[in-house]
Amino acid sequence: MGWVHRVVVVVGAALLGVRCTPSNGLLLSDRQPYEDHPGKGPHSFNIGGILSDNKSIQHFNKTIMQNLNRDRNVVTDNVTLNNVTMLMDPNPIRTALEVCKQLVSQSVYAVVVSHPQNGDLSPAAVSYTSGFYHIPVIGISSRDSAFSDKNIHVSFLRTVPPFSHQADVWVELLKSFQYSQVVFVHSSDTDGRALLTRFQNEAQSQQDDKDIKVNN
């Protein structure tokens, strides 16, 4: 089957989302992958995994096939989870295209994504592409604050907090040492600005102490 890739480039972020359609023009998400069970719903669910190395892929496959499928507290007798995995490519363009070819084409119900061994843009490309089809993406290691923006990453779920949440601890430390003024040095990227914003909000919302003055 021939594939047509419609690429949407996000200017300034060097990231993309890929809209994949088969040669007949129908969207992949519009296909009915479970026609053998009309009106009964699916009994087999494909779970995607985009991981950084082969060892992680082996662990992911073992967890689904040998652990989850045998645990009746997780799945019932008539339900099967299937693993669909691919290696994370440090190039976000290639990653997005492979998500289309290897995961979206398999009608995955969710995608678990880690981080590339080099670079940091590929998880965002996975989120953009999967979000176009409203496929939930579960990030297990990405701590970028940008993933908390639901206007952009509409279906991204995280298991670890963003870096900006460190500001909560810093404010508590300053309160403990009774500091009332600090100089805040931060980077000018998304994480740096998010960290400054959260620090200022936390520092100025203390009801039992005087506000902490922040110079940046």
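Each remark here, short or long, concerns the structure printed above.
Residues numbered from 1 in each chain as written. Predicted model: local features only at pLDDT ≥ 70, side-chain atom pairs only at ≥ 80, totals over all residues. Heavy atoms only, no water.

Asks: What's the story with the environment of Val 111 in this structure? I'm lost.
Replies: Relative to the helices and strands, Val 111 resides in strand E5 (residues 110–113). Residue Val 111 is classed as buried on the basis of its relative accessible area, which comes to 1%. Counting along the chain gives 28 residues from Val 111 to Gly 139, while the straight-line C-alpha distance between them is 8.6 Å. With residues near it in sequence (within four places) discarded, Val 111 still touches Gly 48, Ile 50, Leu 103, Val 126, Ser 130, Ile 135, Pro 136, Val 137 and Ile 138. (Helix = DSSP H or I, 4+ residues; strand = E, 2+ residues; numbered from the N terminus. Buried < 20%, exposed > 50% of the residue type's maximum accessible area, 1.4 Å probe, protein only. Contact = heavy atoms within 4.5 Å.)

Asks: Explain the pattern of salt bridges to me, please; I cannot follow it from the model alone.
Replies: Side-chain pairs of opposite charge can arise where the charged atoms are in close proximity. Under the definition given, this model contains four salt bridges. The partner of Asp 89 in a salt bridge is Arg 94, and the shortest N-O contact between them spans 3.1 Å. With a closest N to O distance of 3.9 Å, Glu 172 and Lys 175 form a salt bridge. Of this pair, Glu 172 and Lys 175 both sit in helix H4 (residues 166–176), three residues apart, which is roughly one turn of the helix. A relative accessible area of 44% places Glu 172 in the partly exposed class. (Salt bridge = Lys/Arg side-chain N within 4 Å of Asp/Glu carboxyl O.)

Asks: Please clarify how the nonpolar core should be interpreted in this entry.
Replies: Most often, soluble globular proteins have nonpolar side chains that are buried together. Among the nonpolar cores identified, the biggest contains 18 residues, and Ile 50, Val 99, Leu 103, Val 111, Val 113 and Val 126 are the most heavily contacted of them. Sorting the residues of this core by element identifies strand E4 (80–87), helix H2 (92–103), E5 and helix H3 (122–132) as the ones contributing at least two each. (Core = buried A, V, L, I, M, F, W, Y, C linked by side-chain atoms within 4.5 Å.)

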